[in-house]
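# Survey of secondary and tertiary structure
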Amino acid sequence: LPLFGITGGVCVLILMQPDVGTAIFIGAVTMITLLVAGIRMVHFLPAAMASGTALVFYLTMRLDHVLPRIEGWLWPERDPQGKGHQIIQSLVALGSGGWTGEGLGEGRQKLFFLPEVHSDFILPIIGEELGFAGCLGVLVLFALLGYAGWRIGRAAADRFGFLLSFAVTTSIILQAALNIAVVTAMVPTKGIPLPFMSSGGSSLVFTLAGVGILVSIANTRERGSPSGATPSPTA
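First things first, this report covers the structure right here in the doc. No experiment lies behind these values; they were computed from the predicted model shown.

This part takes up the packing of helix α5 (residues 85-96) against helix α6 (residues 122-154). At their nearest, the axes of α5 and α6 sit 7 Å apart, and the two run at 30° to each other. In the crossing of α5 with α6, the sense of the turn from one axis to the other is right-handed. Contacts between α5 and α6 involve Ser-90, Ala-93, Leu-94 and Ser-96 from the former and Leu-123, Pro-124, Gly-127, Glu-128 and Cys-135 from the latter. Tallied by class, the residues present in the contact of α5 with α6 amount to 5 nonpolar, 3 polar and 1 charged.

Okay, here's the thing in structure tokens:
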């Protein structure tokens, strides 16, 4: 209950901005971590159902921009100069890059055709200039980061270290997955930056802080376990 209360309070404050996507993102990371930690379903399901019901009610009754945004995602061709403009231009950028791209710095969509190319929609420009190969390289790098975070968690000296490393890794990888889903029209448009690549000081600072936490967990394990051996339960 204290954890649900803290998470709910944070999400409510973010919803009041309003920023629906970030609130859902924080709630999702918390829920996934609780499931990995072994929370009992009799405690988890009622809270999840109550939160989901309240969120749906809030979105439909209080936020007038949600439904038009969903309509723009489902049928962007109906309003190509308005609600569907950004996603259409994003797909144009990704498609025009082909396999190897048009060359670094040679992209045209960033010339005021695609909005927010420096932040939330940086991946379509990578796809336009570096092609499918460049986008695949980005996916591989995030996959390697996720694998490294998972290995650090598995080798953590205690359960807290495992859960903390899992939560940090999940937050980074899930954020990247949501951004990629947005720019490829798999989910409605939302301002979720691409970690390490989108312009934005606060996003970069907190992402790097998360990576620093992972490094700290890995170093703690090495200091507590000579020669890389698995620490004993009393260590």
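Running from N to C, helix α2 (residues 20-37) and helix α7 (residues 159-183) cross one another at 140°; their axes reach a closest spacing of 10 Å. Classified by the angle between their axes, α2 and α7 sit oblique to one another. For α2 against α7, the interelement crossing comes out right-handed. Contact residues: Phe-25, Ala-28, Val-29, Ile-32, Thr-33, Val-36 and Ala-37 in α2; Arg-159, Phe-162, Leu-163, Phe-166, Ala-167, Thr-170, Ser-171, Leu-174, Gln-175 and Leu-178 in α7. Counted by class, the contact of α2 with α7 contains 12 nonpolar, 4 polar and 1 charged residues.

An ideal rise of 1.5 Å per residue puts 48 Å on 33 residues; α6 reaches only 33 Å between its terminal C-alpha atoms. At Leu-130, α6 is deflected by roughly 130°, the largest bend along its length.

It is worth spelling out unusual backbone geometry at this point. Of note in the backbone geometry, Glu-116 takes a positive phi value of approximately 60° without being a glycine. With respect to the secondary-structure elements, Glu-116 resides in the loop between α5 and α6. Positive phi outside glycine occurs at Phe-196, with the angle close to 75°. The residue Phe-196 is located in the loop between α7 and α8 (201-224) in this model. Under the relative-accessibility criterion, Phe-196 is labelled partly exposed at 37%.

So, about the nonpolar core. Within the largest apolar cluster, 15 residues are counted, with the highest numbers of intra-cluster contacts made by Leu-114, Phe-121, Leu-123, Ile-126, Val-138, Phe-142 and Leu-194. If you list the elements that add at least two residues to this core, you get α6 and α7. Discounting residues that sit within four places of it in the chain, Phe-142 has contacts with Ile-173, Ala-176, Leu-194, Pro-195 and Phe-196. Cys-11, Leu-15, Leu-59 and Val-66 belong to the second largest nonpolar core, which has 7 residues in total.

Our focus in this paragraph is the side chain of Glu-129. Here Glu-129 lies in helix α6. The exposure class of Glu-129 is buried, given its relative accessible area of 7%. In this view, Glu-129 contacts Thr-100, Gly-101, Glu-102, Gly-103, Leu-104, Gly-105, Glu-106, Gly-107 and Lys-110; residues no more than four positions away in its chain are not counted.

Cut-off values and rules
- Residues numbered from 1 in each chain as written.
- Predicted model: local features only at pLDDT ≥ 70, side-chain atom pairs only at ≥ 80, totals over all residues.
- Heavy atoms only, no water.
- Axes fitted to C-alpha atoms, helices over the stretch in contact; angles between N-to-C directions.
- Helix = DSSP H or I, 4+ residues; strand = E, 2+ residues; numbered from the N terminus.
- Left-handed = near helix turned anticlockwise from the far one by under 90°.
- Contact = heavy atoms within 4.5 Å.
- Nonpolar A, V, L, I, M, F, W, Y, C, P; charged D, E, K, R; others polar.
- Parallel < 35°, antiparallel > 145°, perpendicular 65-115°, else oblique.
- Expected span 1.5 Å × (residues − 1).
- Bend = angle between axes of the 7 residues up to and from the residue.
- Buried < 20%, exposed > 50% of the residue type's maximum accessible area, 1.4 Å probe, protein only.
- Core = buried A, V, L, I, M, F, W, Y, C linked by side-chain atoms within 4.5 Å.

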